[in-house]
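In case you want the letters, here they are:
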Amino acid sequence: MGQKIICKSCAAEFDANLVRCPYCGTAYAPAEEKEYMGKLEAVREDLHQEIQKGDRRIGKKMGRTVRNILIVIGVILLLVFGVLWITARSERAGSDRKKQEFLQNQGITTQQEVETDGM
Ligand SMILES: [Zn+2]
């Protein structure tokens, strides 16, 4: 409203709402453009506020959903880790036997390889 612009041709300062420079008469279309842009801006602002309102509404719902999903994921993770922990414990108990078996198997394989090489 009280904005001033400087004329491009005579460098005089005049009201931004004027379509023409009052000193040299140079046409100054931006005033019209500004009004149009101002309307656009107002519309955009309204839209933006509506979207924000919607977002907040969705945000509340989303927050609840996200929390539920996080709880479910947490429970699943606990179950998985619990199972892994139990498996690891029982595996550790039998790991020595397994290691011996594994070494024996390796030994047999090596022996077989030796036999094949020998032949
Ligand atoms: Zn001028």
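Here's a quick rundown of the structure.

Cut-offs and rules
- Residues numbered from 1 in each chain as written.
- Predicted model: local features only at pLDDT ≥ 70, side-chain atom pairs only at ≥ 80, totals over all residues.
- Heavy atoms only, no water.
- Helix = DSSP H or I, 4+ residues; strand = E, 2+ residues; numbered from the N terminus.
- Donors = N, O, S within 2.8 Å, 3.2 Å for Na, K, Ca; no water.
- Tetrahedral: all angles 85-135°; square planar, octahedral: opposite > 155°, others 65-115°.
- Buried < 20%, exposed > 50% of the residue type's maximum accessible area, 1.4 Å probe, protein only.
- Core = buried A, V, L, I, M, F, W, Y, C linked by side-chain atoms within 4.5 Å.
- Contact = heavy atoms within 4.5 Å.
- Patch = residues over 30% accessible without salt bridge, like charges linked within 9 Å, V, L, I, M, F, W, Y side chains within 5 Å.
- Areas by Shrake-Rupley, 256 points an atom, 1.4 Å probe, with all protein chains shown as cover.
- Salt bridge = Lys/Arg side-chain N within 4 Å of Asp/Glu carboxyl O.

**Some details on unusual backbone geometry**
In step 1: Backbone geometry at Ala-11 places phi at a positive 65°, although glycine is not the residue there.
In step 2: Tracing the sequence through the fold places Ala-11 in the loop between strand S1 (4-6) and strand S2 (13-15).

**Focus: the coordination of the zinc ion**
In step 1: Bound to the zinc ion on the protein side are Cys-7 (SG), Cys-10 (SG), Cys-21 (SG) and Cys-24 (SG), at distances that span 2.2 to 2.3 Å.
In step 2: Classification of the site at the zinc ion rests on its four donor atoms, whose angles at the metal span 104 to 114°, yielding the label tetrahedral.
In step 3: Cys-21 gets classed as buried once you look at its relative accessible area, which sits at 3%.

**Looking at the nonpolar core**
Side chains of a nonpolar character, in soluble globular proteins, are inclined to be buried together.
In step 1: Judged by nonpolar contacts, Ile-5, Cys-7, Phe-14, Ala-16, Cys-21 and Tyr-28 together constitute the single largest core of six residues.
In step 2: If near-sequence neighbours (up to four positions away) are discounted, Phe-14 is found in contact with Gln-3, Lys-4, Ile-5, Cys-7, Arg-20, Cys-21, Pro-22, Tyr-23 and Tyr-28.

**Concerning a nonpolar patch on the surface**
In step 1: Taken together, the side chains of Ile-58, Met-62, Val-66, Ile-69, Leu-70, Val-72, Ile-73, Ile-76, Leu-77, Val-80, Phe-81 and Leu-84 present a nonpolar region at the surface, about 1,100 Å² in accessible area.
In step 2: Mapped onto the secondary structure, Ile-73 falls in helix H1 (residues 30-118).
In step 3: Using a relative accessible area of 40% as the deciding quantity, one classes Ile-73 as partly exposed.

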